[in-house]
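Here's the letter readout for the chains.
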Amino acid sequence: MDNNSLISVIMGIYNCADTLEEAVNSIINQTYKNWELIMCDDGSTDNTFDVAMRLSQNDNRIKVIKNDSNKSLAPTLNHCLKYANVEFIARMDGDDICSPDRFEEELSFLKEHPEFAFVSCDMDLFDSNGIFRTVNYNPNPLKSSLIVTSQFCHAGVMIRTDAIKSVGGYNESSKFNRVEDYYLWVALYSKGFIGANISKPLYSMRDDRNAFKRRSFSARLNESRVKYKAFKLFDLPFYYSFRIMEPILKFFVPTFVYKAFHKNI
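Residues numbered from 1 in each chain as written. Predicted model: local features only at pLDDT ≥ 70, side-chain atom pairs only at ≥ 80, totals over all residues. Heavy atoms only, no water.

Its place among the elements puts proline 247 in helix α8 (residues 246-251). Take proline 247: its relative accessible area is 1%, and that puts it in the buried class. Sequence separation between proline 247 and leucine 221 is 26 residues, and the spatial gap between their C-alpha atoms is 7.0 Å. When residues no more than four places from it in sequence are discounted, the contact partners of proline 247 are Arg220, Glu223, Ser224 and Lys227. (Helix = DSSP H or I, 4+ residues; strand = E, 2+ residues; numbered from the N terminus. Buried < 20%, exposed > 50% of the residue type's maximum accessible area, 1.4 Å probe, protein only. Contact = heavy atoms within 4.5 Å.)

With that out of the way, let us pick up unusual backbone geometry. Not every positive phi belongs to a glycine, and asparagine 15 is a case in point at roughly 50°. The topology assignment puts asparagine 15 in the loop between β1 (7-13) and α1 (20-28). Residue classification places asparagine 15 among the partly exposed positions, given a relative accessible area of 32%. One non-glycine residue, arginine 178, lies in positive phi territory at about 75°. Residue placement: arginine 178 occurs in the loop between α5 (161-166) and α6 (180-190). The class for arginine 178 is exposed, based on a relative accessible area of 56%.

Residues of α1 that are buried include every one of Leu20, Ala23, Val24, Ser26 and Ile27, and no others. What you see down the axis of α1 is that its buried residues fit within an arc of 150°, all on one side. Residues of α1 that are buried sit in contact with β1, β2 (35-41), α2 (48-58), β3 (62-66), β5 (97-98) and α4 (102-112). (Arc of directions from axis to C-beta.)

For the structure on display, the rule yields 9 salt bridges. Lysine 200 is paired through a salt bridge with glutamate 105; the nearest N and O atoms lie 2.9 Å apart. Separated by 95 residues along the polypeptide, lysine 200 in strand β9 (residues 195-206) and glutamate 105 in helix α4 bring together distant segments of the chain. Residue classification places lysine 200 among the partly exposed positions, given a relative accessible area of 40%. Judged by its relative accessible area of 22%, glutamate 105 is partly exposed. (Salt bridge = Lys/Arg side-chain N within 4 Å of Asp/Glu carboxyl O.)

Here it is, written out as structure tokens:
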């Protein structure tokens, strides 16, 4: 792998002072070295911004910007995108880590497969006790796959800059809070772009084993909105329409049933 292609890594940071240095170190330790990291603080109330500034002073590839108030993830990432003027953009979150060869593998894939606009990977979920689940994604999702569920690990994605900017970046409407990535995949596929997944857990997300309990009704509703958008944009057969209400129905499923189902799969 040559080091000629600069990658802009965009990271929205909010109250992640305790984990940010570990996340940034996993970028610094990449086998592929030609990257820049653009971190945007979204109005943190802890010392996240101070940690980010300290890290930037130790490595001139790291740039730190700041929102004038808390704006949520989509506007924060769009703020980062304004500073990204290279061929490839990678995502990363301030409380996660990625494998040392993530950038190398994803960039190699995109260079070898020009038909794909973006690529992501499988994902490990971990907490203080270690990895407790690996999420495996479909290597080649179709349009019809997107009405079932989001088919890509958002924070593990690498995307061609012209593709994400051609759809206007992330949709900042509150109707798509918590599902801004899902909406992005639908928008990209509707414009003829396609994505793929590398069948290796190159990304590790810090998560709570009981996170499913915190999925709010508004987040479920927004997910249904994305599914409806996919159904209409892709002109899918009518039998796919039952997928639209699925997230809302899941909200009313008793916790023990939902937990048992996910344990079995």
